[in-house]
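Observations on the three-dimensional arrangement
Below are the chains, spelled out letter by letter.
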Amino acid sequence: MLDFDDRADAGRRLAERLDDLRDSDAVVLGLPRGGVPVAFEVARGLRAPLDVIVVRKLGVPFQPELAMGAIGEGGVLIVNDEIVRLTGLGEADLADARRREQAELDVRVERFRRGRPRAEVSGRTAVVVDDGVATGATARAACQVARAQGARRVVLAVPVGSPDTLAGLRRVADDVVCLLEPDLFHAVGQWYREFGQTSDGEVVELLERAATPPPNARNDSDPAGTAEPPGTANPSGASHPGGATNPGAASELGWVSPYGAAGSGGAADAGGAVHPGGATNPGGGAEPGGGTGSSRASDPDADDPPAVDEEVWIDGGFVELTGHLTVPEGAGGVVAFAHGSGSSRHSPRNRLVASGLNRAGLGTLLFDLLTGGEELDRGNVFDIGMLAARLVAATGWLRDRPETAGARVGYFGASTGAAAALWAAAEPGADVFAVVSRGGRPDLAERRLRDVRAPTLLIVGGEDRQVLGLNQRAQRRMRCQNRLTVVPGATHLFEEPGALQAVTAHARDWFLASLR
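Residues numbered from 1 in each chain as written. Predicted model: local features only at pLDDT ≥ 70, side-chain atom pairs only at ≥ 80, totals over all residues. Heavy atoms only, no water.

**Examining the overall build of the chain**
Let me state the cut-off plainly: A run of H or I in DSSP counts as a helix once it spans at least four residues, and a run of E counts as a strand once it spans at least two, with each numbered from the N terminus. Residue exposure (1.4 Å probe, protein chains only): buried if accessible area is under 20% of the type maximum, exposed if over 50%, otherwise partly exposed. Contacts are residue-level and defined by heavy atoms, with any inter-residue pair within 4.5 Å sufficient. The method behind every accessible area is Shrake-Rupley, applied with a 1.4 Å probe, and residues are considered shielded solely by the protein chains displayed.
A count of helical and extended segments in the chain gives 14 helices and 16 strands. For the chain, the residues scored as buried account for 59% of the 516 residues in total. Long-range pairs, those at least 24 residues apart, make up 72% of the contacts in the chain between residues at least 6 apart in sequence. If you sum the accessible surface of the chain, you get close to 19500 Å²; carbon and sulfur atoms cover 48% of it.

Set out below in structure tokens:
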């Protein structure tokens with residue numbers, strides 16, 4: 001198996017393959033963030049200028065991971081007419097998405113370039129570089145944007161990629177250069193020995209280094225340079241902790257940071273809400289562990305910035321899964337969310353609960369168990385074994401990250417996601433410390449319920465009578481410490497005033513007792 005030490009190593013090897021473009025009219029465009037360390041080495045090898053190509057996918061409103069188009073700098077708009085037609089969306093929907101994503105694009109451009117002008121690609125060869133392609137959605141958009149900006153020729157260059165995806169990308173780029181096209185492709189990160197997340201700061205530093213040639217460079221007008229002053233550090237070659245896959249600029253539609261970052265949806269913090277109405281507790285008994293939480297948990301208005309609050313990409317086996325990881329400073333536990341049928345990591349209900357857990361000092365990982373394409377097949381939504389396997393993979397990913405390596409892990413599942421959480425918690429060797437189900441379908445994991453060992457809280461709406469019956473039967477089959485809590489007057493989605501705040505309070509207390 002050919003693999004790469006890190007992104008810098010991959011970039012140097014890629015530059016060798018692209019040697020025919022050396023000293024040509026090429027401009028190298030790295031896809032932030034993970035593609036920039038690769039692109040930096042390519043630009044150095046080709047003696048070409050380096051820039052970022054910033055694109056934003058326009059997500060379908062009710063399925064943000066499904067792109068109906070993309071935008072780029074210079075007012076470039078790419079529209080996928082087929083997706084627009086199939087989803088029945090109109091010009092107003094497209095305009096709303098474009099306006100929303102344009103604001104984010106402008107922010108990213110300023111963050112990365114710091115006022116420097118965009119490299120001119122008109123009439124030149126645009127070499128679009130990423131650290132690898134799995135689905136290829138962002139790489140496709142970048143190639144289309146570079147073409148629309150006037151590039152005479154578009155070359156997509158990546159160290160590794162899925163053969164099927166690359167075949168499709170060859171229809172949008174004039175040339176695709178890839179060092180490795182493995183038949184058994186699972187995720188980009190598996191082909192790197194070191195594949196941590198690339199920070200915004202690293203992107204900025206590499207762009208600044210490329211724009212300022214070292215004093216002993218052979219050509220002071222060459223933005224990429226060929227030599228470095230003695231002792232210059234190379235952040236692109238640095239070893240990064242973690243293991244997240246970064247296919248490029250992922251959609252962040254709808255995410256609202258519990259620490260005040262702007263977004264759409266504006267979910268309020270529910271972590272400190274007083275439970276209205278006093279939910280009944282048929283199960284009785286003390287909370288697991290008898291814990292009362294930390295001093296931070298008693299202060300729901302605490303607004304210290306988190307140690308980690310970022311989009312992440314997770315190796316889910318055969319696919320890369322997109323998520324958002326938030327880890328407050330000093331968090332001793334982290335909760336992975338498994339969403340239900342028709343939902344996603346952008347679910348306002350799960351975001352509200354996650355906000356409350358973050359305020360209590362717990363980390364959260366909200367991620368999509370299925371890709372946008374997979375969700376179009378309803379059979380995947382009820383493939384509980386596959387969903388559980390991906391949750392197990394995400395748990396392993398959390399344990400590989402320095403920020404969460406020593407943290408206890410819990411699962412929060414909703415609807416079919418609750419079945420996946422229980423199934424995953426029943427796996428042999430599962431090191432899961434608590435499970436909370438909100439309006440869950442534990443019956444879909446019925447044959448695994450007796451194997452669940454983690455303390456489990458089942459939360460059901462009092463008016464969700466059918467699901468309440470399913471949870472009562474499931475509780476009788478479980479051997480682990482468990483509790484069934486009913487929120488009076490709540491229906492399946494807990495849309496009633498105060499209902500989600502009650503869910504958040506119950507989940508927070510349950511997790512604090514087991515994860516801290």
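**Brief notes about the sheet that holds strand 11 (residues 333-338)**
Convention followed: Criterion used throughout: strands pair if DSSP finds at least two bridges between them. In this analysis an axis means a line fitted to C-alpha atoms, helices contributing only their contacting stretch, and an angle means the value between N-to-C directions, from 0 to 180 degrees.
Spatially, 9-10-12-11-13-14-15-16 is the arrangement adopted by the eight strands of the open sheet, whose pairing is mixed. Across the chains shown, the open sheet's two edge strands, defined by having one partner strand only, are strand 9 (308-315) and strand 16 (482-487). Each strand axis lies, on average, 20° off the axis of its neighbour in the sheet, ignoring direction. Here six bridges tie strand 15 (residues 456-461) to strand 16, and the two strands are oriented parallel to one another. Across the sheet, residue G461 finds its bridge partner in strand 16, namely V487. Most of the contacts of helix 11 (residues 384-400) go to strand 12 (residues 363-367), to which it runs at about 140°, and overall it touches strand 9, strand 10 (320-327), strand 11, strand 12 and strand 13 (408-414).

**Side note on the sheet that holds strand 6 (residues 125-129)**
Taken in spatial order, the five strands make up an open sheet running 2-1-6-7-8, and their pairing is parallel. Each end of this open sheet is capped by a strand with a single partner; those strands are strand 2 (50-52) and strand 8 (175-180). Strand-to-strand twist in this sheet, taken as the mean axis angle between neighbours without regard to direction, amounts to 25°. Relative to strand 6, strand 1 (residues 27-30) runs parallel, the two sharing four bridges. Considered in strand 6, the bridge of G30 is made with V129. Packing against the sheet, helix 2 (residues 35-46) makes contact with strand 1, strand 2, strand 6 and strand 7 (153-160), and its axis sits at approximately 170° to strand 1.

**Quick word on the confidence of the model for the chain**
Detailed reading of the predicted coordinates is not advisable wherever pLDDT is low. The criterion, for reference: pLDDT is a per-residue confidence score from the predictor, ranging from 0 to 100.
For the chain, per-residue confidence averages 80 on the pLDDT scale, and 79% of positions sit at 70 or higher. Scored below 50 in pLDDT, residues 214-302 makes 228 contacts in the model with residues more than four places away or belonging to other chains.

**Digging into helix 12 (residues 416-425)**
Where burial is concerned, most of helix 12 is hidden: 10 out of the 10 residues are buried. Restricting attention to buried positions, one finds in helix 12 the residues T416, G417, A418, A419, A420, A421, L422, W423, A424 and A425.

**Topic: the packing of helix 11 against helix 12**
Each packed pair of helices is defined by two parameters, the angle between the axes and the distance between the axes. Filter applied, for reference: Crossings are classed by handedness, with left-handed meaning an anticlockwise turn of the near helix from the far one by less than a right angle and right-handed meaning a clockwise turn.
The interhelical angle for the contact between helix 11 and helix 12, taken along N-to-C directions, is 65°, at an axis separation of 8 Å. The handedness of the crossing between helix 11 and helix 12 comes out as right-handed. Taken together, the residues of helix 12 that come into contact with helix 11 (itself represented by I384, G385, L387, A388, L391 and V392) are T416, A419, A420, A421, W423 and A424.

**So, the pairing of strand 16**
Note on strand geometry: in a regular strand, side chains alternate between the two faces of the sheet. We count it as follows: When the strands point away from the viewer and the connection leading from the first strand across the helix to the second strand turns clockwise, the crossover is called right-handed.
Within strand 16, five of the six residues are buried, which leaves it mostly tucked inside the rest of the structure. Chirality of the crossover, the property in question, places the unit of strand 15, helix 13 (residues 465-477) and strand 16 among those that are right-handed.

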